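The residues making up each chain are set out below.
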Amino acid sequence: MSGDRPSPLVIERILRDRQGIWQQIVADDDLNALTGRMLASSAVALACYGAVLGAFHGVLMALTSAVKLPLLFLITLAICLPTLYLFNLVFGARLSVRQSVALVMVAITVTSMLAVAFAPISLFFLITAPDYGFFKLLNVAILTLSAVVGLRFLTGGMQVLNAHGLLAPSAAAAAGATQAAVAAPAAQAAVPAQPATGEPVAEPVAVGAGANGAAGANGTTTPVAEAQPVAVVPAQPAAVVPAQPVVLAGHPMAAFPPGMVPPGYAGAGRPWATPPVRRSESERPASMTLLYVWILLFGFVGTQLAWTLRPFVGSPGEDFALFRSIEGNFYAEILRTLGNLF
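Note that the structure is predicted; figures quoted are calculated from it, not measured.

## A word on the overall build of the chain
- From N to C terminus, the chain includes ten helices and four strands.
- Moving toward the C terminus, one meets the helices and strands of the chain in the order α-α-α-α-α-α-α-α-β-β-β-β-α-α.
- Here the chain holds 342 residues, and the buried ones make up 33% of them.
- Long-range pairs, those at least 24 residues apart, make up 73% of the contacts in the chain with a sequence separation of at least 6.
- Approximately 19400 Å² of the chain is accessible, and the part contributed by carbon and sulfur atoms is 66%.

## A closer look at the pattern of salt bridges
- Using the criterion set out here, one finds three salt bridges in the structure.
- Put simply, R16 and E12 hold a salt bridge, and the shortest N to O gap is 3.3 Å. Pair noted here: R16 and E12 are both in helix α1 (residues 10–16), with a separation of four residues, about one helical turn.

## Topic: the packing of aromatic side chains
- Scanning the model with the defined rule gives six aromatic pairs in all.
- Taking 5.2 Å as the distance between ring centres and 35 degrees as the angle between the ring planes, the aromatic pair formed by W294 and F298 counts as tilted. Here F298 and W294 lie together in helix α9 (residues 286–309), a separation of four residues that amounts to about one turn.
- These aromatic residues form a ring-pair network of at least three members: F56, Y132 and F135.
- When the ring centre of F312 is taken as origin, the NZ or CZ atom of K68, which lies over that ring, is 5.3 Å away.
- When the ring centre of W307 is taken as origin, the NZ or CZ atom of R310, which lies over that ring, is 3.8 Å away.

## Quick notes on helix α6 (residues 119–128)
- Taken residue by residue, α6 has A119, S122 and L126 as its buried positions. On an axial view of α6, the arc spanned by its buried residues comes to 65 degrees, and they lie on one face. Opposite the buried face of α6, at more than 90 degrees from it, the exposed residues are P120 and I127.
- Residues of α6 that are buried in the fold lie against α3 (31–54), α5 (97–117) and α7 (132–163).

## A few points about the side chain of S100
- Within the secondary structure, S100 sits in helix α5.
- Residue contacts for S100: discarding those within four places in its chain leaves L81, Y85, N88 and L95.

## So, the packing of α3 against α5
- Running from N to C, α3 and α5 point in directions that differ by 30 degrees, and their axes come no closer than 8 Å. Here α5 runs roughly parallel to α3, going by the angle between their axes. Judged by the sense of rotation from one axis to the other, the crossing of α3 with α5 is left-handed. Of the residues in α5, those touching α3 at L31, N32, T35, M38, L39, S41, S42, A45, L46, C48 and Y49 are R98, Q99, V101, A102, M105, V106, I108, T109, S112, M113, A115 and V116.
- For the contact of α3 with α5, the class distribution of residues is 15 nonpolar, seven polar and one charged.

## Some thoughts on a nonpolar patch on the surface
- There is a patch of nonpolar side chains on the surface, built from V59, L60, L63, F320, L322 and F323 and spanning about 590 Å² of accessible area.
- You can see V59 is positioned in helix α4 (residues 59–90).
- Exposure remark for V59: the relative accessible area of 65% places this residue in the exposed category.

## As for unusual backbone geometry
- For the peptide bond that leads from R310 to P311, omega is 10 degrees, which places it in the cis range.
- Among the structural elements, P311 can be located in the loop between α9 and α10 (330–341).
- Even without being a glycine, D28 presents a positive backbone phi close to 55 degrees.
- Locating D28 in the fold gives a position in the loop between α2 (18–27) and α3.
- For D30, which is not a glycine, the phi torsion comes out positive at approximately 55 degrees.
- Examined against the element boundaries, D30 turns out to sit in the loop between α2 and α3.

Conventions adopted
- Residues numbered from 1 in each chain as written.
- Predicted model: local features only at pLDDT ≥ 70, side-chain atom pairs only at ≥ 80, totals over all residues.
- Heavy atoms only, no water.
- Helix = DSSP H or I, 4+ residues; strand = E, 2+ residues; numbered from the N terminus.
- Buried < 20%, exposed > 50% of the residue type's maximum accessible area, 1.4 Å probe, protein only.
- Contact = heavy atoms within 4.5 Å.
- Areas by Shrake-Rupley, 256 points an atom, 1.4 Å probe, with all protein chains shown as cover.
- Salt bridge = Lys/Arg side-chain N within 4 Å of Asp/Glu carboxyl O.
- Phe/Tyr/Trp six-rings, centres within 6.5 Å; stacked < 30°, edge-to-face > 60°.
- Lys NZ or Arg CZ within 6 Å of the ring centre and 35° of its normal.
- Arc of directions from axis to C-beta.
- Axes fitted to C-alpha atoms, helices over the stretch in contact; angles between N-to-C directions.
- Parallel < 35°, antiparallel > 145°, perpendicular 65-115°, else oblique.
- Left-handed = near helix turned anticlockwise from the far one by under 90°.
- Nonpolar A, V, L, I, M, F, W, Y, C, P; charged D, E, K, R; others polar.
- Patch = residues over 30% accessible without salt bridge, like charges linked within 9 Å, V, L, I, M, F, W, Y side chains within 5 Å.

What follows is the structure in C-alpha coordinates.
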(Lines give C-alpha, C1' and ligand atoms only; values in the text may rest on other atoms or scores of the structure.)
Protein backbone atom coordinates (compact mmCIF):
# COMPACT_ATOMS: atom_id res chain seq x y z
CA MET A 1 0.00 0.00 0.00
CA SER A 2 1.29 3.39 -0.89
CA GLY A 3 2.78 5.58 1.82
CA ASP A 4 1.40 8.75 0.11
CA ARG A 5 -2.15 8.36 1.42
CA PRO A 6 -3.75 11.26 3.28
CA SER A 7 -2.99 11.47 6.97
CA PRO A 8 -6.44 10.30 8.22
CA LEU A 9 -5.80 6.94 6.49
CA VAL A 10 -2.30 6.35 7.82
CA ILE A 11 -3.83 3.97 10.38
CA GLU A 12 -4.96 1.80 7.48
CA ARG A 13 -1.40 1.44 6.28
CA ILE A 14 -0.15 0.73 9.81
CA LEU A 15 -2.69 -2.06 10.30
CA ARG A 16 -2.47 -3.57 6.81
CA ASP A 17 1.22 -3.08 6.06
CA ARG A 18 2.93 -2.95 9.43
CA GLN A 19 6.01 -4.73 8.09
CA GLY A 20 6.33 -2.00 5.48
CA ILE A 21 6.13 0.61 8.26
CA TRP A 22 8.88 -1.15 10.23
CA GLN A 23 11.08 -1.44 7.14
CA GLN A 24 10.61 2.25 6.43
CA ILE A 25 11.68 3.07 9.99
CA VAL A 26 14.67 0.72 9.72
CA ALA A 27 15.75 2.39 6.46
CA ASP A 28 15.09 5.88 7.92
CA ASP A 29 13.21 6.67 4.71
CA ASP A 30 10.96 9.77 4.61
CA LEU A 31 10.24 9.56 8.34
CA ASN A 32 9.43 13.26 8.66
CA ALA A 33 6.41 12.92 6.37
CA LEU A 34 5.30 9.66 8.01
CA THR A 35 5.59 11.14 11.51
CA GLY A 36 3.69 14.25 10.42
CA ARG A 37 0.81 12.16 9.08
CA MET A 38 0.66 10.09 12.25
CA LEU A 39 0.75 13.24 14.39
CA ALA A 40 -2.14 14.83 12.51
CA SER A 41 -4.20 11.64 12.58
CA SER A 42 -3.64 11.14 16.30
CA ALA A 43 -4.54 14.76 17.14
CA VAL A 44 -7.81 14.60 15.21
CA ALA A 45 -8.80 11.23 16.67
CA LEU A 46 -8.00 12.22 20.25
CA ALA A 47 -9.83 15.52 19.84
CA CYS A 48 -12.96 13.66 18.70
CA TYR A 49 -12.78 11.28 21.64
CA GLY A 50 -12.09 14.15 24.06
CA ALA A 51 -15.23 15.90 22.81
CA VAL A 52 -17.26 12.79 23.68
CA LEU A 53 -15.74 12.77 27.17
CA GLY A 54 -16.52 16.41 27.85
CA ALA A 55 -20.03 16.16 26.42
CA PHE A 56 -21.12 14.60 29.72
CA HIS A 57 -20.85 18.03 31.39
CA GLY A 58 -21.68 20.32 28.47
CA VAL A 59 -20.51 21.97 25.29
CA LEU A 60 -17.80 24.07 26.95
CA MET A 61 -16.28 21.03 28.64
CA ALA A 62 -16.45 19.13 25.36
CA LEU A 63 -14.38 21.82 23.64
CA THR A 64 -11.74 21.96 26.37
CA SER A 65 -11.46 18.16 26.56
CA ALA A 66 -11.03 18.06 22.78
CA VAL A 67 -7.93 20.22 23.25
CA LYS A 68 -6.59 18.68 26.46
CA LEU A 69 -6.70 14.99 25.44
CA PRO A 70 -4.28 15.37 22.47
CA LEU A 71 -2.05 17.52 24.70
CA LEU A 72 -2.05 14.75 27.30
CA PHE A 73 -0.48 12.25 24.90
CA LEU A 74 1.91 14.68 23.24
CA ILE A 75 3.23 16.13 26.49
CA THR A 76 3.70 12.61 27.88
CA LEU A 77 5.68 11.74 24.75
CA ALA A 78 7.82 14.86 25.10
CA ILE A 79 8.58 14.00 28.75
CA CYS A 80 9.43 10.32 28.21
CA LEU A 81 11.06 10.27 24.76
CA PRO A 82 14.51 11.53 25.91
CA THR A 83 14.64 8.66 28.41
CA LEU A 84 13.92 6.07 25.72
CA TYR A 85 16.49 7.57 23.36
CA LEU A 86 19.24 7.73 26.00
CA PHE A 87 18.46 4.17 27.15
CA ASN A 88 19.12 3.00 23.60
CA LEU A 89 22.33 4.98 23.29
CA VAL A 90 23.73 3.71 26.60
CA PHE A 91 23.29 0.08 25.52
CA GLY A 92 24.75 0.46 22.04
CA ALA A 93 21.63 0.84 19.91
CA ARG A 94 21.89 2.81 16.68
CA LEU A 95 18.45 4.41 16.62
CA SER A 96 18.25 8.02 15.52
CA VAL A 97 15.91 10.54 17.09
CA ARG A 98 13.61 10.38 14.07
CA GLN A 99 13.41 6.59 14.30
CA SER A 100 12.58 6.75 18.01
CA VAL A 101 9.88 9.37 17.46
CA ALA A 102 8.38 7.40 14.57
CA LEU A 103 8.27 4.21 16.66
CA VAL A 104 6.44 5.86 19.55
CA MET A 105 4.12 7.73 17.18
CA VAL A 106 3.03 4.40 15.69
CA ALA A 107 1.91 3.32 19.17
CA ILE A 108 0.14 6.63 19.84
CA THR A 109 -1.60 6.53 16.44
CA VAL A 110 -2.92 3.02 17.05
CA THR A 111 -4.05 4.03 20.55
CA SER A 112 -5.87 7.15 19.37
CA MET A 113 -7.57 5.45 16.42
CA LEU A 114 -8.73 2.55 18.56
CA ALA A 115 -10.06 5.00 21.16
CA VAL A 116 -12.05 6.95 18.56
CA ALA A 117 -13.45 3.64 17.31
CA PHE A 118 -14.90 3.16 20.82
CA ALA A 119 -16.37 6.69 20.80
CA PRO A 120 -19.82 5.56 19.54
CA ILE A 121 -20.04 3.06 22.42
CA SER A 122 -19.10 5.73 24.95
CA LEU A 123 -21.63 8.12 23.42
CA PHE A 124 -24.32 5.42 23.55
CA PHE A 125 -23.86 4.96 27.30
CA LEU A 126 -23.72 8.72 27.77
CA ILE A 127 -27.19 9.01 26.24
CA THR A 128 -28.82 5.91 27.74
CA ALA A 129 -27.15 5.68 31.17
CA PRO A 130 -25.70 9.07 32.18
CA ASP A 131 -24.13 7.94 35.44
CA TYR A 132 -20.94 9.86 36.28
CA GLY A 133 -19.08 7.05 38.06
CA PHE A 134 -19.91 4.41 35.44
CA PHE A 135 -19.13 6.77 32.55
CA LYS A 136 -15.75 7.68 34.05
CA LEU A 137 -14.73 4.05 34.62
CA LEU A 138 -15.96 3.04 31.17
CA ASN A 139 -13.73 5.59 29.48
CA VAL A 140 -10.74 4.74 31.67
CA ALA A 141 -11.16 1.11 30.57
CA ILE A 142 -11.42 2.14 26.90
CA LEU A 143 -8.28 4.27 27.05
CA THR A 144 -6.38 1.57 28.96
CA LEU A 145 -7.29 -1.12 26.41
CA SER A 146 -6.38 1.17 23.52
CA ALA A 147 -3.02 2.01 25.12
CA VAL A 148 -2.19 -1.66 25.69
CA VAL A 149 -2.83 -2.47 22.02
CA GLY A 150 -0.78 0.54 20.91
CA LEU A 151 2.15 -0.43 23.11
CA ARG A 152 2.04 -3.93 21.66
CA PHE A 153 2.75 -2.32 18.30
CA LEU A 154 5.68 -0.50 19.88
CA THR A 155 7.24 -3.72 21.20
CA GLY A 156 6.67 -5.41 17.84
CA GLY A 157 8.50 -2.61 16.07
CA MET A 158 11.41 -2.77 18.49
CA GLN A 159 11.69 -6.51 17.89
CA VAL A 160 11.94 -5.90 14.15
CA LEU A 161 14.69 -3.34 14.76
CA ASN A 162 16.43 -5.86 16.98
CA ALA A 163 16.32 -8.44 14.17
CA HIS A 164 18.03 -5.91 11.88
CA GLY A 165 20.81 -5.28 14.42
CA LEU A 166 19.81 -1.72 15.30
CA LEU A 167 19.45 -2.51 19.01
CA ALA A 168 22.50 -4.77 19.50
CA PRO A 169 24.88 -4.30 16.56
CA SER A 170 27.87 -5.80 18.39
CA ALA A 171 26.03 -9.06 19.01
CA ALA A 172 24.93 -9.22 15.39
CA ALA A 173 28.50 -8.69 14.17
CA ALA A 174 29.81 -11.40 16.49
CA ALA A 175 27.21 -13.84 15.21
CA GLY A 176 28.21 -13.10 11.60
CA ALA A 177 31.89 -13.65 12.37
CA THR A 178 31.15 -16.99 14.07
CA GLN A 179 29.14 -18.16 11.08
CA ALA A 180 31.94 -17.26 8.66
CA ALA A 181 34.52 -19.10 10.77
CA VAL A 182 32.44 -22.26 10.98
CA ALA A 183 31.77 -22.29 7.23
CA ALA A 184 35.50 -22.07 6.27
CA PRO A 185 36.80 -25.52 5.14
CA ALA A 186 40.20 -26.84 6.15
CA ALA A 187 43.10 -26.98 3.70
CA GLN A 188 43.86 -30.26 1.94
CA ALA A 189 45.96 -32.54 4.15
CA ALA A 190 48.01 -34.00 1.29
CA VAL A 191 48.29 -33.64 -2.49
CA PRO A 192 48.15 -37.01 -4.27
CA ALA A 193 51.28 -37.96 -6.25
CA GLN A 194 50.90 -38.54 -9.98
CA PRO A 195 51.08 -42.30 -10.70
CA ALA A 196 53.48 -43.63 -13.41
CA THR A 197 51.77 -44.64 -16.65
CA GLY A 198 52.71 -47.13 -19.40
CA GLU A 199 54.67 -50.36 -19.38
CA PRO A 200 57.73 -50.99 -17.16
CA VAL A 201 60.82 -49.32 -18.60
CA ALA A 202 63.88 -51.48 -19.07
CA GLU A 203 67.16 -49.75 -18.50
CA PRO A 204 70.32 -51.54 -19.84
CA VAL A 205 73.00 -52.14 -17.25
CA ALA A 206 76.50 -53.24 -18.41
CA VAL A 207 77.94 -56.24 -16.63
CA GLY A 208 81.68 -56.62 -16.37
CA ALA A 209 83.14 -54.09 -18.83
CA GLY A 210 82.54 -50.57 -19.79
CA ALA A 211 80.30 -49.46 -22.51
CA ASN A 212 82.98 -49.83 -25.26
CA GLY A 213 84.47 -53.14 -24.07
CA ALA A 214 87.78 -53.87 -22.38
CA ALA A 215 91.13 -54.41 -24.23
CA GLY A 216 92.72 -57.90 -23.88
CA ALA A 217 96.36 -58.78 -23.37
CA ASN A 218 96.90 -59.34 -27.13
CA GLY A 219 95.16 -56.12 -28.05
CA THR A 220 91.87 -57.68 -28.92
CA THR A 221 88.70 -56.39 -27.58
CA THR A 222 86.54 -58.53 -25.42
CA PRO A 223 82.82 -57.93 -26.06
CA VAL A 224 80.83 -56.79 -23.16
CA ALA A 225 78.30 -59.01 -21.57
CA GLU A 226 74.70 -58.63 -22.78
CA ALA A 227 72.88 -55.88 -20.92
CA GLN A 228 70.15 -57.19 -18.63
CA PRO A 229 66.90 -55.19 -18.47
CA VAL A 230 65.76 -54.15 -15.00
CA ALA A 231 62.01 -53.61 -14.43
CA VAL A 232 61.06 -50.29 -12.82
CA VAL A 233 58.01 -50.50 -10.49
CA PRO A 234 55.54 -47.63 -11.01
CA ALA A 235 55.31 -45.13 -8.13
CA GLN A 236 52.33 -45.66 -5.84
CA PRO A 237 50.14 -42.64 -5.13
CA ALA A 238 50.33 -41.27 -1.62
CA ALA A 239 47.35 -41.86 0.61
CA VAL A 240 44.98 -38.91 0.53
CA VAL A 241 43.41 -37.87 3.85
CA PRO A 242 39.98 -36.34 3.31
CA ALA A 243 39.73 -32.73 4.43
CA GLN A 244 37.76 -32.32 7.63
CA PRO A 245 35.61 -29.25 8.21
CA VAL A 246 36.52 -26.86 10.96
CA VAL A 247 33.90 -27.22 13.69
CA LEU A 248 34.06 -24.78 16.56
CA ALA A 249 33.28 -25.81 20.11
CA GLY A 250 29.63 -25.34 20.90
CA HIS A 251 28.49 -25.71 17.27
CA PRO A 252 25.65 -28.25 16.76
CA MET A 253 27.86 -30.40 14.46
CA ALA A 254 30.49 -30.77 17.16
CA ALA A 255 28.40 -33.56 18.73
CA PHE A 256 28.87 -35.84 15.69
CA PRO A 257 31.90 -38.19 15.81
CA PRO A 258 34.30 -38.27 12.84
CA GLY A 259 33.00 -40.34 9.95
CA MET A 260 29.35 -39.89 10.82
CA VAL A 261 27.36 -37.83 8.32
CA PRO A 262 25.50 -35.07 10.17
CA PRO A 263 22.04 -33.97 9.04
CA GLY A 264 23.45 -30.76 7.56
CA TYR A 265 25.86 -32.54 5.17
CA ALA A 266 25.59 -30.92 1.74
CA GLY A 267 26.73 -33.87 -0.37
CA ALA A 268 29.94 -35.24 -1.87
CA GLY A 269 32.55 -32.70 -2.77
CA ARG A 270 31.02 -29.95 -0.64
CA PRO A 271 31.67 -28.98 2.97
CA TRP A 272 29.06 -29.13 5.65
CA ALA A 273 26.19 -26.74 5.06
CA THR A 274 26.43 -24.50 8.09
CA PRO A 275 23.00 -23.44 9.36
CA PRO A 276 22.56 -19.69 9.94
CA VAL A 277 23.44 -18.49 13.39
CA ARG A 278 20.24 -17.21 15.00
CA ARG A 279 19.80 -15.41 18.26
CA SER A 280 17.52 -17.33 20.60
CA GLU A 281 14.42 -15.69 21.99
CA SER A 282 15.94 -15.50 25.45
CA GLU A 283 19.00 -13.61 24.17
CA ARG A 284 17.35 -10.23 23.75
CA PRO A 285 19.39 -7.06 24.11
CA ALA A 286 19.22 -4.96 27.23
CA SER A 287 17.45 -2.20 25.30
CA MET A 288 14.45 -4.54 24.81
CA THR A 289 14.27 -5.13 28.56
CA LEU A 290 14.54 -1.41 29.21
CA LEU A 291 11.72 -0.84 26.71
CA TYR A 292 9.30 -2.56 29.08
CA VAL A 293 10.61 -0.43 31.92
CA TRP A 294 10.07 2.64 29.76
CA ILE A 295 6.49 1.55 28.98
CA LEU A 296 5.73 1.43 32.72
CA LEU A 297 7.32 4.85 33.11
CA PHE A 298 5.23 6.15 30.19
CA GLY A 299 2.07 4.83 31.86
CA PHE A 300 2.83 6.41 35.24
CA VAL A 301 3.70 9.77 33.70
CA GLY A 302 0.60 9.70 31.51
CA THR A 303 -1.81 8.90 34.32
CA GLN A 304 -0.34 11.53 36.63
CA LEU A 305 -0.46 14.12 33.84
CA ALA A 306 -4.09 13.20 33.17
CA TRP A 307 -4.83 13.82 36.83
CA THR A 308 -3.08 17.21 36.60
CA LEU A 309 -5.00 18.25 33.45
CA ARG A 310 -8.40 17.19 34.74
CA PRO A 311 -11.31 17.59 34.39
CA PHE A 312 -11.99 15.76 31.15
CA VAL A 313 -15.50 14.59 32.01
CA GLY A 314 -16.55 17.10 34.62
CA SER A 315 -18.51 16.35 37.78
CA PRO A 316 -22.21 17.05 37.29
CA GLY A 317 -22.54 18.92 40.60
CA GLU A 318 -19.69 21.36 39.96
CA ASP A 319 -19.37 24.37 37.71
CA PHE A 320 -17.15 24.42 34.66
CA ALA A 321 -13.46 24.82 35.43
CA LEU A 322 -10.48 24.60 33.13
CA PHE A 323 -8.37 22.85 35.80
CA ARG A 324 -9.01 21.42 39.24
CA SER A 325 -6.84 21.81 42.32
CA ILE A 326 -4.15 19.12 42.56
CA GLU A 327 -5.11 16.78 45.39
CA GLY A 328 -4.68 13.04 45.77
CA ASN A 329 -3.70 11.01 42.70
CA PHE A 330 -5.22 9.17 39.80
CA TYR A 331 -5.12 5.70 41.36
CA ALA A 332 -6.70 6.78 44.64
CA GLU A 333 -9.52 8.43 42.67
CA ILE A 334 -10.16 5.24 40.67
CA LEU A 335 -10.30 3.16 43.85
CA ARG A 336 -12.67 5.68 45.44
CA THR A 337 -14.91 5.62 42.38
CA LEU A 338 -15.00 1.81 42.39
CA GLY A 339 -15.97 1.84 46.08
CA ASN A 340 -18.80 4.29 45.46
CA LEU A 341 -20.05 2.36 42.43
CA PHE A 342 -20.14 -1.05 44.09
